[in-house]
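Commentary on secondary and tertiary structure
What follows is the residue order along each chain.
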Amino acid sequence: MRSSLLFPRIKHTRTIRAAHTPAVSLRERMTGVCVPPSDSLVEYAAYVGGKKIDALGIPDALEIVRAHNAASDGGNAFVWVGLHEPDAPEVEWLAEVFALHPLAVEDAVKAHQRPKVERYGDSVFVVLKTVAYIDHDVLTATSEIIGTGELMVFVGPDFVVTVRHGRHCPLSEVRQRLEDKPKLLNRGPTGVLHAIADHVVDRYLSVADRMQAELEDVEAMVFADVSARDIGRIYNLKREMIEMKRSVMPLQSPMSTLAQRRMIPSEMREYFRDVVDHLARVCEQVESSNELCNSILQAALARSNALANEDMRKISSWVAIMAVPTMIAGIYGMNFEHMPELDSVFGYPLVIGVMVVACTLLYRGFRRNGWM
């Protein structure tokens, strides 16, 4: 459910003229709350019995869910709110509605956090790094290959709040998949957390496979007969692999801990352990790709040095060949009166013949030794 009626007016914000005030619901008019539009809201909905329920607003959705859970004695109804790069007042209002911890709210607003899982009372705060492979028509030494972002997830007994930073890894696909399968939605907030974590880790695997293919192409280029010697592109891949490693590796320990927490229902723990197994596979692939990138970079440098040495040998060989006629011509150009073959009829062709023979012998010798 998309809505421009999300957050109540923050007291310190400027007054909006009545002509531009959006229409408000009956519930909001009764409570005297004015609600301005919010561009950061992606979607929100209440889910009861595995089905999406329309609500007037987020507080109303939470009221419906809690009433249903109280009547059904521990039902799995919940509210799911999705935000994209929200401002501080918006997250602070949600913190009041869902009783979120101030430290977690601060992390969600500022972003740039390490992957982690923290528990605050009966809710859990999860930070995931998102990655995406960026396609380019032509890769250069400065092309951004891996785009990164962050995904913060607040999970409580009856709510899920997702805060996404960056344009990568949207959750619309996850939401649609869960809504198409009421059985998955009926697992409650922990089921949504599992679906999000599984989606993020699957993205890791996809990006890791693409990077592996890219590294294999670069490796073939390095060991080709005619090497492009593009060290800049290889170094760029190395830098992107480090960025990938920073996003994936720190998540392994928090996800392993999350699968063992008591707040995760016993029937959901095996699903989280499956995500941990997939994450371990990704970490191993990223580590091996990073080592392969190191080897390719070292091989490229060695290959470049070898080619430079080969060029120097060729240049030195030609210099040595040209030194013979230069030396002979220099000697006979010193204008001494008494020099051999100066008065001979065959003196000139003899000197030229000596130059040609000497240069030919040097050329054959260098070719035999692989210098030319």
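Residues numbered from 1 in each chain as written. Predicted model: local features only at pLDDT ≥ 70, side-chain atom pairs only at ≥ 80, totals over all residues. Heavy atoms only, no water.

**Digging into the sheet that holds strand E1 (residues 41-48)**
- Spatial ordering of the open sheet is given by E2-E1-E3-E7-E6-E5-E4, a layout of seven strands whose pairing is mixed. Bordering the open sheet on either side are strand E2 (51-53) and strand E4 (116-120), each of which pairs with just one other strand. Sheet twist, expressed as the mean angle between neighbouring strand axes with direction ignored, is 25°.
- As judged from the ten bridges shared by strand E5 (residues 123-133) and strand E6 (residues 146-155), these two strands associate in the antiparallel manner. Residue pairing for E6: Val124 is matched across the bridge by Val155.
- Against the sheet, helix H5 (residues 172-180) touches E1, E2 and strand E3 (78-84), its axis set at about 160° to E3. (Pairing = 2+ DSSP bridges. Helix = DSSP H or I, 4+ residues; strand = E, 2+ residues; numbered from the N terminus. Axes fitted to C-alpha atoms, helices over the stretch in contact; angles between N-to-C directions. Contact = heavy atoms within 4.5 Å.)

**Describing the nonpolar core**
- With 61 residues, the main nonpolar core has Trp80, Ile196, Tyr204, Met244 and Met255 as its most contacted residues.
- At 16 residues, the largest contribution of residues to this core is made by helix H7 (residues 189-222).
- Contacts of Met255, omitting those with residues within four sequence positions, involve Ala197, Phe272, Val275, Val276 and Leu279. (Core = buried A, V, L, I, M, F, W, Y, C linked by side-chain atoms within 4.5 Å. Buried < 20%, exposed > 50% of the residue type's maximum accessible area, 1.4 Å probe, protein only.)

**Things to note about the side chain of Asp158**
- With respect to the element layout, Asp158 can be found in the loop between E6 and strand E7 (159-165).
- Looking at Asp158, the relative accessible area reads 10%, which means it is buried.
- The contacts of Asp158, once residues within four sequence positions are left out, are Leu62, Val65, Arg66, Asn69, Ala77, Phe78, Val79 and Pro189.

**Details of unusual backbone geometry**
- Despite not being glycine, Glu85 shows a phi value in the positive range, around 50°.
- For Glu85, a relative accessible area of 44% translates into the label partly exposed.
- The residue Ala99 is not glycine, and still its phi comes out positive at about 60°.
- Residue Ala99 is classed as exposed on the basis of its relative accessible area of 63%.

**Points about the packing of H5 against H7**
- Taken N-terminus to C-terminus, the directions of H5 and H7 make an angle of 135°; their axes are 10 Å apart at the nearest point. As far as their axial angle goes, H7 and H5 are oblique. For H5 against H7, the interelement crossing comes out right-handed. Here Glu173, Val174, Arg177 and Leu178 of H5 lie close against H7, whose contacting residues are Val192, Ala195, Ile196 and His199.
- Split by residue class, the contact of H5 with H7 holds five nonpolar, one polar and two charged. (Parallel < 35°, antiparallel > 145°, perpendicular 65-115°, else oblique. Left-handed = near helix turned anticlockwise from the far one by under 90°. Nonpolar A, V, L, I, M, F, W, Y, C, P; charged D, E, K, R; others polar.)

**What about the packing of H7 against helix H8 (residues 231-248)?**
- Contact geometry for H7 and H8: axes closest at 11 Å, N-to-C directions at 160°. Viewed along their axes, H7 and H8 adopt a mutual orientation that is roughly antiparallel. The crossing of H7 and H8 is left-handed. Contacts between H7 and H8 involve Tyr204, Val207, Ala208, Met211, Glu214, Leu215, Val218, Met221 and Val222 on the former and, on the latter, Arg233, Ile234, Leu237, Glu240, Met241, Met244, Ser247 and Val248.
- For the contact of H7 with H8, the per-class residue count stands at 13 nonpolar, one polar and three charged.

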